[in-house]
Amino acid sequence: MKNKDLSFNQQCWQLLKKIPKGKVTTYKALANALNTKAYQAVGSAMAANPDLISVPCHRVINSDGRIGKFALGEAKKIELLRSEGIEIKDNKVVDLEHCFFDFS
DNA sequence: TCGAATGACAGCG
DNA sequence: CGCTGTCATTCGA
């Protein structure tokens, strides 16, 4: 986390902001939307987000529906998602396809 | 289950 | 001037 992406991160955040409330996406989807395969770089961009409000990185999860990680902690992430109406079970999203947001 | 790959940037030789 | 390491992941054998 020594790198300070800028343009690349901005792209990730822009997509994040596009996600409507009550929906979630995956790092893979973000990377795919950015036309890149550096899934890690996408997640890394979330860590570099300036504000958790402007960049709801809590709406981003693993492709398996797992929570993965969050700046405030996985538990906090789950709480936030639950607050939006998304159900979480065992650190996993319930009905991922149901609340999954596609960037098409 | 484990390792390799991917994109971008800072630091160092 | 050029290479390496790191990152909240992902996929394949």
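Values in this document were obtained by computation on a predicted structure and should not be read as measured data. Residues take numbers from 1 onward in each chain, read along the sequence in its written order. Each chain takes a letter, starting from A, and each ligand takes a number, starting from 1, following the order in which they are written. Side-chain atom pairs in this predicted model are given and counted only at pLDDT of 80 or more, local residue features only at pLDDT of at least 70, and totals for whole chains, interfaces and linings cover all residues. In computing side-chain properties, one takes all heavy atoms of the structure into account and sets aside hydrogens as well as water.

A few words on the overall build of chain A. Within chain A, the regular secondary structure consists of 5 helices and 4 strands. When the backbone C-alpha atoms are referred to their principal axes, chain A occupies close to 35 × 30 × 20 Å. Burial classification: accessible surface area is computed with a 1.4 Å probe over protein chains only, and a residue below 20% of its type maximum counts as buried, one above 50% as exposed, and the rest as partly exposed. Burial analysis of chain A (104 residues in total) assigns 38% to the buried set. Roughly 6,600 Å² of accessible area belongs to chain A as shown, and the carbon and sulfur atoms make up 47% of that amount. Each helix corresponds to a stretch of at least 4 residues labelled H or I by DSSP, and each strand to a stretch of at least 2 residues labelled E; elements are numbered beginning at the N terminus. The protein chains shown are the only cover counted for residues, whose accessible areas, like all others here, come from Shrake-Rupley with a 1.4 Å probe.

For the rest of this paragraph, the subject is the nonpolar core. Within the largest apolar cluster, 19 residues are counted, with the highest numbers of intra-cluster contacts made by C12, L16, L30, V42, M46 and F103. Among the secondary structure elements, those contributing two or more residues to this core are α1 (7–18), α2 (27–33) and α3 (39–47). Any two residues having at least one pair of non-hydrogen atoms within 4.5 Å are treated as being in contact. Among residues more than four places away in sequence, those in contact with L16 are L30, M46, V55, P56, C57 and V60. Take the buried Ala, Val, Leu, Ile, Met, Phe, Trp, Tyr and Cys residues and link them wherever side-chain atoms come within 4.5 Å; each set so joined is a nonpolar core. If you look at the next biggest cluster of nonpolar residues, it comprises 10 residues, including V24, I67, I88 and L96.

To continue, consider the layout of surface pockets. Here a cavity denotes a set of grid points, spaced 1 Å apart and computed over the protein atoms alone, in which a 1.4 Å probe fits but from which it cannot get out, and a pocket denotes an open set meeting protein on both sides within 12 Å along at least five of seven lines; residues with an atom within 4 Å of a point are reported as lining. Grid points are joined across faces, edges and corners, and a volume is the space filled by probe spheres set on the points. Approximately 240 Å³ is the volume found for the largest pocket. Residue lining of the largest pocket: Y27, G43, M46, A47, C57, K69, F70 and A71, and that is the complete set. No other element matches α3, which puts 3 residues into the lining of the largest pocket. In this classification, the charged set is Asp, Glu, Lys and Arg, the nonpolar set is Ala, Val, Leu, Ile, Met, Phe, Trp, Tyr, Cys and Pro, and all remaining amino acids, among them Gly, are polar. Its residues assigned to classes, the lining of the largest pocket shows 6 nonpolar, 1 polar and 1 charged.

Okay, the side chain of T25 next. Locating T25 in the fold gives a position in strand β1 (residues 25–26). The residues contacting T25, other than those within four sequence positions of it, are I19, L30, R59, V60, I61, F100, F101 and F103.

Below, the discussion takes up the packing of α1 against α3. Put simply, α1 and α3 touch, their axes get as near as 9 Å, and they point 80° apart. Here α1 is positioned roughly perpendicular relative to α3, judged by the angle of their axes. Across the interface between the two elements, F8, N9, C12, W13 and L16 of α1 pack against A41, V42, A45 and M46 of α3. For every element, the axis is a line fit to its C-alpha atoms; helices are fit only across the contacting stretch, and the angle between N-to-C directions ranges from 0 to 180 degrees. Put simply, angles under 35 degrees are roughly parallel, angles over 145 are roughly antiparallel, angles from 65 to 115 are roughly perpendicular, and the rest are oblique.

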